[in-house]
Amino acid sequence: MGRYVIRRLLQMIPVFFGTTLLIFLMVNVMGDPVAGLCGDRQCDPATAARLRAEFGLDKPVWQQYATYMGNVFTGDFGTAFNGQKVTELMGTAFPVTVRLTVVAVVFEIVIGISLGVLTGLRRGRPADTGVLLVTLVVISVPTFVTGLLLQLLLGVKWGVVRPAVSSAATVDELLVPGLVLASVSLAYVTRLTRTSVAENARADYVRTAVAKGLPRRRVVSRHLLRNSLIPVVTFIGTDVGALMGGAIVTERIFNIHGVGFQLYQGIVRQSSQTVVGFVTVLVLVFLLANLIVDLLYAVLDPRIRYA
Amino acid sequence: MPEPHYDPDAAISAAGAGGATDLAMDEGETLEKGPGGGPPGPDPAGRPRSLWSDAWRDLRRNPVFVVSGLVIVFLVVISLWPSLIASGNPLHCDLGRAQEGSRPGHPFGFDGQGCDVYTRTVYGARTSVTVGVCSTLGVALLGSVLGGLAGFFGGSWDALLSRITDVFFGIPVVLGGLVFLSVITSTTVWPVIGFIVLLGWPQIARIARGSVITAKQNDYVQAARALGASNARMLLRHVAPNAVAPVIVVATIALGTYISLEATLSFLGVGLRPPAVSWGIDISAASSYVRNAPHMLLWPAGALAVTVLAFIMLGDAVRDALDPKLR
Amino acid sequence: MRGATHAKWAACAMAVVLAATACGGGGNGGGGGGSGVISSSWGDPQNPLEPANTNEVQGGKVLDMLFRGLKRYDPRTGEAENWLAEKIDTTDSQNFTVTVKDGWTFSNGEKVTARSFVDAWNYGAHLKNNQRNAYFFNYIEGYDEVHPEKGEATADTLSGLKVKDERTFTVKLTQKFSTWPETLGYNAFAPLPRAFFDDHDAWLSKPVGNGPYTVESYTKGSMMSLRTWDQYPGEDKARNDGVDLKVYTDNTIAYTDLTAGNLDLLDDVPASQLRNVQADLGDRYINTPAGIIQTLAFPYYDKRWNADGMEKVRKGLSMAINRQQITDTIFQRTRTPAKDWTSPVLKEEGGFDDGLCGEACEFDAAEAKKLVDEGGGIPGGTLRITFNADTGSHREWVDAVCNSINNALDNDRACTGNPVGTFADFRNEITDRKMTGPFRAGWQMDYPLIQNFLQPLYYTNASSNDGKWSNEEFDRLVDEANAETDPARAAGKFKDAEEVVRDEMAAIPLWYQNGSAGYSDRISNVALNPFSVPVYHEITVD
């Protein structure tokens, strides 16, 4: 187990460098960001040159990358163009996005798994077909359309919730955005649980448990669910990273000042310091989530042993 | 034998394959079976009852497959010949009629620029179907070749590929789109397709890798190896046919989400460029007018949803048909 | 039983949370900190909030509340009036003596003296400080030494600035510029306290100025709380308790928040919501002219666009654009069809002339087609209008302009929009001279002078002459106009120069932009100044 974890941690190193390099290059090919800092007019060449020097943009890309990574390891993620430290930006953005992600994941777990178990046990019945159809519709409508429609209906027409999230971004304000963010994954979780439950419901151990005369609830919760949840847990685990980075659209629609918003602003202003910094943290979260999922996997399925 | 009896990586990759791209689907359970649970291969000697012919027989009788298939055929036809059902010109717009509702000859009304919504919805099918089909082909081809090779040969190849897929998974799709598509300024659909292939292939690669590893461990493959079959023969004759099913399933479902992704990219301002006509462009343009003129959003979004739905249901049906356990 | 218990617990938790939203949602009202505090929409300023470093409206809003300069532009007429300046004297339009009023202090108690200005201007001009607005000081003698085009600065301060005594300083310009004092209301010329230089980082995190408001707290990227400064010595004391500026990710959501009662003031109603304004806000909506003009500029470094006869094509294109229809439909009259190259806020005395463009700015499809054909047609066959897609919803009007041109020329592919992903990229394409067709050019005046609408945009190699248009006669007329000491005669000369722009159709004028703002029923006396910034200090809370 310990050796496995160490091996996995070591494998993260090249991935970490690969991703940061890729993002660094991507932001760099977008061109010179300094031109965008002077409004609708040309930056005077001397100031532009000074700004480039200040942000290290006058150096070759590999050197910029090396300097940047060197700084990252000392905890310095650089400065955005408006003079704000990127670590400061992260300090305000990540807590908000973490809250949003937690809300989304809770939705996935509670609604997704309940619906999945329900439909899995009633395969082919009207309830099953109905839920299945709804999940398909949720998957096929783009998230931004779902988000805008929910905002219009709940926030503007019926006035049930605040349409925009305030800068405090409390959990109750994040419920609707969280649901929107979770919607597609939620549909997948439902479907995944459904298939998995349906498949395991015919397994020998379930038949044995039923034959032993165990109450149905106990069979479902102790035997069936535990085995059916393995693929669901792995999905949700890997989804955490995706939700955090994929909230660009949701955060923009609902005025959430989280990671997605900062990333979008960073890209639009071509601030490689902001973008690379945020993505670096996201990649770490993603890799760690993957590792935890793999370890959890061994807990849930005793057949798996990590050497 | 690199792995004792079970490859956790393969199973996990498959289950979580879509995580990063939000394009995931429930392919997990097809690979979840552990030892001995793989799809039974075609009888090496007998022709009459292969997995494929069985599946096809099932599909023909499945109403879901028939309906989604017909919808897709219809979409393909109007993508090729939109003028069959729309006589107007999607690029002709008269601002004087902006946001007007439906009237004779213009059943869906007009959009914010005074273009005919019906004509644009019909013509938009071509772009969306092209994006969906071409991206899926590219993703499936690239992903299954790279993933399959990695799974088959294992070792350092495999390690390298797994790390590369990790790298691509780490990049949020929307972020990648913003960067990639703001650099490339061609007015065709190809940059969008190229981008989707670039970020989509690792998903398929993981699945292909996982299913190749599972298929490789089957007795008949071991037998073929013992009989001295070459790598190429083993891969093409024995492993690939058994590993391809999950890829097909995931690809058909992913196709729908790629069409949806094009719309999201347009919403963020980096999708297709004018004068392209696409549902994504129209949906994002209409999204800010949803309060005043919901018809502008309804039609292209409805068309998009129906198309995506058709492809996902097709994929679903194909998956059920290819999975013998669910028969 | 473990699983089942968990499920039950989760379901209950969910129910509680859902109930909490139902109770907590809506009707919180205002959103400002105190009863007399206004909440107003904001965008994250692009550059650090230093006066000479802020060149966009969002940062400008804050500086407007935090600082008062030598001059102030009247919020209604736009006229420059002495504010901290007691008098600004000159005999030759080149050497000025400025006397600062007595009794002004910064909110930290420090006196505003002649030195506060001279230090601030020296800081703003110096190359090492990277101030985006440094070029505002380039008329002052010695600018080339502190801010050379290449290499290091050879002087620390502007030689043209001299402190005479505590309240007097002199300015020497490099050339005659009779209306120079009128430019001093711009934020870049604001005074700065010593605290700015002594502890720069602390100042940036909580700026200190001499205006009617002080900064209470500043959370970068999300909110700034400004409170009324009780000891403010000026006449324009704030009539409310303060302003909370809230950053929104998008102004559509800000509008939604305004209608839901969570925001008091939105100073830029998005075009897509203008149709709802009447129903949502009734008369709590203002739409007033601002000193902003939108034009289409051309790349004159591209030989095809600089060829003889091309002025006919440009004029034809101008006549192919149905400005009235676009401003009515897309912009719901928050833009006015342009009839010259300046702005109505200048008024006729200032050089605005609604007859200057004449028929060249009127829609006439037949004449447009004829002119374009006579001029040799559109270079390359297709007109690609370049714009940046990330801000300002430009796509809609570009599409509308193209449709109008396509319909007039009877060719569906005559014109198409060419979006560029980011503003920085858009600027890069301009700077690197990569444009192949017309591109979006907007001009927001820095100060209400006709000079500001012409010289920076059309003078040879001027800072915002993005199309690199060059015309000797225009340059000569502008030089003459600047040397005129009589403001009316100067404006007349500038108009002569503007006629050259018209005859060559150097840029196609599209429309004058209005400021449009919506506000909640909590507040009244809302107005926008000619720079389309809300006049915060006049707003009252009911």
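How each quantity is defined
Residues numbered from 1 in each chain as written. Chains lettered and ligands numbered in written order. Predicted model: local features only at pLDDT ≥ 70, side-chain atom pairs only at ≥ 80, totals over all residues. Helix = DSSP H or I, 4+ residues; strand = E, 2+ residues; numbered from the N terminus. Buried ≥ 20, exposed ≤ 12 C-beta atoms within 10 Å, placed from the backbone. Contact = placed C-beta atoms within 7 Å. Domains from an automatic or database assignment. UniProt positions renumbered as here; feature names shortened; annotations may be inferred. Nonpolar A, V, L, I, M, F, W, Y, C, P; charged D, E, K, R; others polar. Pairing = 2+ DSSP bridges. Axes fitted to C-alpha atoms, helices over the stretch in contact; angles between N-to-C directions. Expected span 1.5 Å × (residues − 1). pLDDT = per-residue confidence, 0-100. Parallel < 35°, antiparallel > 145°, perpendicular 65-115°, else oblique. Arc of directions from axis to C-beta.

Focus on the overall build of chain C
And then number 1: What chain C contains, in helices and strands, is 18 helices and 19 strands.
And then number 2: For chain C, the spread of C-alpha atoms along the three principal axes comes to 85 × 65 × 45 Å.
And then number 3: Put simply, chain C has 542 residues, and 56% of those count as buried.
And then number 4: Counting contacts in chain C only where the partners sit at least 6 residues apart, residues at least 24 apart contribute 67% of the total.

Concerning the overall build of chain A
And then number 1: Tallying secondary structure elements over chain A gives 12 helices and zero strands in all.
And then number 2: Starting at the N terminus, the α and β elements of chain A follow one another as α-α-α-α-α-α-α-α-α-α-α-α.
And then number 3: Judged by the C-alpha coordinates and their principal axes, chain A covers about 85 × 55 × 30 Å.
And then number 4: A buried classification covers 52% of the 307 residues belonging to chain A.
And then number 5: If you take every contact in chain A between residues at least 6 apart in sequence, the share linking residues at least 24 apart comes to 73%.

Observations regarding unusual backbone geometry
And then number 1: Residue Asn255(A) is not a glycine yet carries a positive backbone phi of 60 degrees.
And then number 2: Turning to its location among the elements, Asn255(A) is positioned in the loop between α10 (248-253) and α11 (259-268).
And then number 3: The exposure class assigned to Asn255(A) is buried, which follows from the 27 C-beta atoms found within 10 Å.
And then number 4: In this structure, Asp410(C) is a non-glycine residue whose phi angle is positive, near 55 degrees.
And then number 5: Within the secondary structure layout, Asp410(C) lies in the loop between α14 (394-409) and β15 (415-420).

Looking at the domain arrangement of chain C
Residue and element names in this part refer to chain C.
And then number 1: Along its sequence, chain C is organised into domain 1 (32-244) and domain 2 (289-515).
And then number 2: Between the C-alpha centres of domain 1 and domain 2 the distance comes to 32 Å.
And then number 3: Contacts between the two partners involve 12 residues from domain 1 and, on the opposite side, 13 residues from domain 2.

Quick word on the UniProt feature "transmembrane region" (unreviewed entry) in chain A
All names here are of chain A.
And then number 1: According to UniProt, the feature "transmembrane region" (unreviewed entry) maps to residues 12-31, 96-118, 130-154, 174-192, 224-249 and 275-300 in the numbering used here.
And then number 2: The span residues 96-118 shows a helical share of 100% and a strand share of 0%, and its end C-alpha atoms are spaced 33 Å apart.
And then number 3: Summarising residues 130-154: 92% helix, 0% strand, and an end-to-end C-alpha distance of 24 Å.

Describing the interface of chain A and chain C
And then number 1: Listed as interface residues are 54 residues of chain A and, on the opposing side, 59 residues of chain C.
And then number 2: Mapped by element, the contributors of at least two residues to the side of chain A that touches chain C are α2 (45-54), α4 (86-121), α6 (143-157), α9 (216-245), α10 and α11 of chain A.
And then number 3: With six residues, the top contributor of residues to the side of chain A that touches chain C is α2(A).
And then number 4: Per-class residue counts for the side of chain A that touches chain C are 21 nonpolar, 19 polar and 14 charged.

Side note on the sheet that holds strand β6 (residues 161-165) of chain C
All names here are of chain C.
And then number 1: Judged by pairing direction, the sheet is antiparallel, and its four strands sit side by side in the order β4-β5-β7-β6 without closing on themselves. Each of the sheet's edge strands pairs with one partner strand only, and the pair in question is β4 (85-90) and β6. Within the sheet, the average angular offset between the axes of one strand and its neighbour, ignoring direction, is 20 degrees.
And then number 2: As paired elements, β6 and strand β7 (residues 168-172) share four bridges and run antiparallel to each other. Counted as the bridge partner of Val163 is Phe169 from β7.
And then number 3: Across the sheet, helix α3 (residues 114-125) touches β5 (95-100), β6 and β7, and the angle it forms with β6 is around 165 degrees.

Focus on α3(C)
Helical periodicity: at 3.6 residues per turn, an α-helix aligns residues three or four positions apart in one direction.
All names here are of chain C.
And then number 1: The first and last C-alpha atoms of α3 sit 17 Å apart over 12 residues, in line with the 16 Å expected at 1.5 Å per residue.
And then number 2: Along α3, 10 of the 12 residues are buried, which leaves the element largely enclosed by surrounding structure.
And then number 3: Within α3, burial applies to Ala114, Ser116, Phe117, Val118, Asp119, Ala120, Trp121, Tyr123, Gly124 and Ala125.
And then number 4: The secondary structure elements touched by the buried residues of α3 are β5, α4 (143-146), β6, β7 and α5 (194-198).

Focus on the confidence of the model for chain C
Residues and elements named next belong to chain C.
And then number 1: The share of residues in chain C with pLDDT of 70 or more is 94%, and the mean pLDDT across the chain is 88.
And then number 2: In the model, residues 1-33 has pLDDT below 50 throughout and makes 43 contacts with residues more than four positions away in sequence or in other chains.
And then number 3: Our summary of model confidence lists the complex with pTM equal to 0.82 and ipTM equal to 0.82.

Things to note about the interface of chain B and chain C
And then number 1: At the junction of the two partners, chain B supplies 21 residues and chain C supplies 23 residues.
And then number 2: Of the residues that constitute the side of chain B that touches chain C, the class distribution is nine nonpolar, nine polar and three charged.

Structural notes on the packing of helix α4 (residues 63-80) of chain B against helix α5 (residues 117-153) of chain B
The relative placement of two packed helices comes down to the angle between their axes together with the axis-to-axis distance.
Residue and element names in this part refer to chain B.
And then number 1: At a minimum axis distance of 8 Å, the contact between α4 and α5 shows a crossing angle of 105 degrees. With respect to their mutual orientation, α4 and α5 come out roughly perpendicular. Contacts from Leu75, Val76, Ile78 and Ser79 in α4 reach Val122, Ala125, Arg126 and Val129 in α5.
And then number 2: Split into classes, the residues belonging to the contact of α4 with α5 amount to six nonpolar, one polar and one charged.

Structural notes on the environment of Leu288(A)
And then number 1: For Leu288(A), the location among the structural elements is in helix α12 (residues 272-300).
And then number 2: Along the sequence, Leu288(A) and Tyr68(A) sit 220 residues apart, while their C-alpha atoms lie 22 Å from each other.

Notes on α2(A)
All names here are of chain A.
And then number 1: Three or more residues of α2 are buried, namely Thr47, Ala48, Arg50 and Leu51. Down the axis of α2, the smallest arc covering the buried residues is 160 degrees, so these residues share one side. Turned more than 90 degrees from where α2 packs its buried face, Pro45 and Ala53 sit exposed.
And then number 2: Within two residues after α2, Gly56 carries a phi angle of roughly 75 degrees, on the positive side.

What about the environment of Met65(C)?
And then number 1: Position of Met65(C) among the secondary structure elements: in helix α2 (residues 57-66).
And then number 2: Residues within four places of Met65(C) in sequence aside, it is in contact with Gly211(C), Pro212(C), Tyr213(C), Leu226(C), Val243(C) and Tyr536(C).

Remarks on the pairing of β15(C)
Residue and element names in this part refer to chain C.
And then number 1: The element β15 is extensively covered by neighbouring structure, given that six of its six residues are classed as buried.
And then number 2: Side-chain alternation along β15 places Cys415, Gly417 and Pro419 on one buried face and Thr416, Asn418 and Val420 on a second face that is also buried.
And then number 3: As paired strands, strand β14 (residues 383-388) and β15 are joined by six bridges and run parallel to one another. Paired with Phe387 across the two strands is Pro419, which belongs to β15.

With respect to the packing of α9(A) against α12(A)
Residues and elements named next belong to chain A.
And then number 1: Relative to each other, α9 and α12 sit at 175 degrees, their axes nearing to 8 Å. Considering their axes alone, α9 and α12 lie roughly antiparallel with respect to each other. For the pair formed by α9 and α12, the contact residues are Arg226, Leu229, Ile230, Val233, Thr234, Gly237, Thr238, Val240, Gly241, Met244 and Gly245 on the first element and Leu282, Val285, Phe286, Ala289, Asn290, Ile292, Val293, Leu296, Tyr297 and Leu300 on the second.
And then number 2: Tallied by class, residues from the contact of α9 with α12 come to 14 nonpolar, six polar and one charged.

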